[in-house]
Amino acid sequence: MLVMPGQNEPLDCCEENQVHQDILQKVQSDLPDDEVLYDLAELFKVFGDSTRIKILYALFEAEMCVCDIADLLGLTQSAISHQLRTLKANKLVRSRREGKTVFYSLADQHVRSIIGQGMDHVME
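Figured I'd write up the structure that's included with this text. (Residues numbered from 1 in each chain as written. Predicted model: local features only at pLDDT ≥ 70, side-chain atom pairs only at ≥ 80, totals over all residues. Heavy atoms only, no water.)

### A word on the packing of aromatic side chains
Moving on, step 1. A complete count under the given rule lists 2 aromatic pairs for this structure.
Moving on, step 2. A centroid spacing of 6.3 Å and a plane angle of 50 degrees characterise the contact between F44 and F47, whose relative ring orientation is tilted.
Moving on, step 3. Judged by its relative accessible area of 48%, F44 is partly exposed.
Moving on, step 4. Here Y57 and F60 contribute two aromatic rings whose centre-to-centre distance is 4.8 Å and whose plane-to-plane angle is 40 degrees, an arrangement assigned as tilted. Pair noted here: Y57 and F60 are both in helix α3 (residues 50-61), with a separation of 3 residues, about one helical turn.
Moving on, step 5. The buried category is assigned to F60, whose relative accessible area is 15%.
Moving on, step 6. Taking NZ or CZ as reference, R112 lies 4.5 Å from the ring centre of F60, over its face. (Phe/Tyr/Trp six-rings, centres within 6.5 Å; stacked < 30°, edge-to-face > 60°. Buried < 20%, exposed > 50% of the residue type's maximum accessible area, 1.4 Å probe, protein only. Helix = DSSP H or I, 4+ residues; strand = E, 2+ residues; numbered from the N terminus. Lys NZ or Arg CZ within 6 Å of the ring centre and 35° of its normal.)

Laid out in structure tokens, this is it:
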């Protein structure tokens, strides 16, 4: 067994170096292209910011404008707008204009599911 520097627990390793070609072939055939996996990793990075998560949670409850979200979270409209741009660029929120006001909402049910599953995992 290997022990990584700075860690006390040993890593479980194979005692014998044997490659299982049948397993490798199946996994390789099911593995998405690198570009798709890169896009998925980038999407998950968006969820790595607690302010963006708070915005998404707020949008679970209601469609809101930047002013409302800023007041709710105690942040500047500029800070909220910046985060909404990121969320919109990653297709997690959508916007609609009503006169001079822009309202934001979750892009679709997938966003709610992703956050819900993440929360279920954290709460276990």
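### Some remarks on the pairing of strand β4 (residues 93-98)
Moving on, step 1. As paired strands, β4 and strand β5 (residues 101-106) are joined by 6 bridges and run antiparallel to one another. Its bridge partner lying in β5, R94 is registered against S105. (Pairing = 2+ DSSP bridges.)

### A look at the pairing of β5
The side chains of a regular strand alternate, first on one face of the sheet and then on the other.
Moving on, step 1. Strand direction decides the pairing type here: strand β3 (residues 64-65) and β5, joined by 2 bridges, are antiparallel. In the strand pairing of β5, M64 is matched with Y104.

### Re the pattern of salt bridges
Moving on, step 1. Taken as a whole, this structure holds 4 salt bridges when the rule is applied.
Moving on, step 2. Close ionic contact of K45 with E42 constitutes a salt bridge, the shortest N to O distance being 2.9 Å. Here K45 pairs with E42, and both are found in helix α2 (residues 34-46), just 3 residues apart, close to one helical turn.
Moving on, step 3. With a shortest N-O distance of 2.7 Å, E63 and R96 are connected by a salt bridge. With E63 in the loop between α3 and β3 and R96 in strand β4, this pair connects stretches of sequence that are 33 residues apart.
Moving on, step 4. For R96, a relative accessible area of 35% corresponds to the partly exposed category.
Moving on, step 5. Counted as one network, the salt bridges with shared partners bring together E63, R96 and E98. (Salt bridge = Lys/Arg side-chain N within 4 Å of Asp/Glu carboxyl O.)

### Brief notes about a negative patch on the surface
Moving on, step 1. A grouping of D33, D34, E35 and D39 is seen on the molecular surface, where their side chains present a negatively charged patch.
Moving on, step 2. With respect to the helices, strands and loops of the structure, D34 is situated in helix α2. (Patch = residues over 30% accessible without salt bridge, like charges linked within 9 Å, V, L, I, M, F, W, Y side chains within 5 Å. Areas by Shrake-Rupley, 256 points an atom, 1.4 Å probe, with all protein chains shown as cover. Lys, Arg positive; Asp, Glu negative; His and termini not counted. Charge placed at Lys NZ, Arg CZ, Asp CG, Glu CD.)

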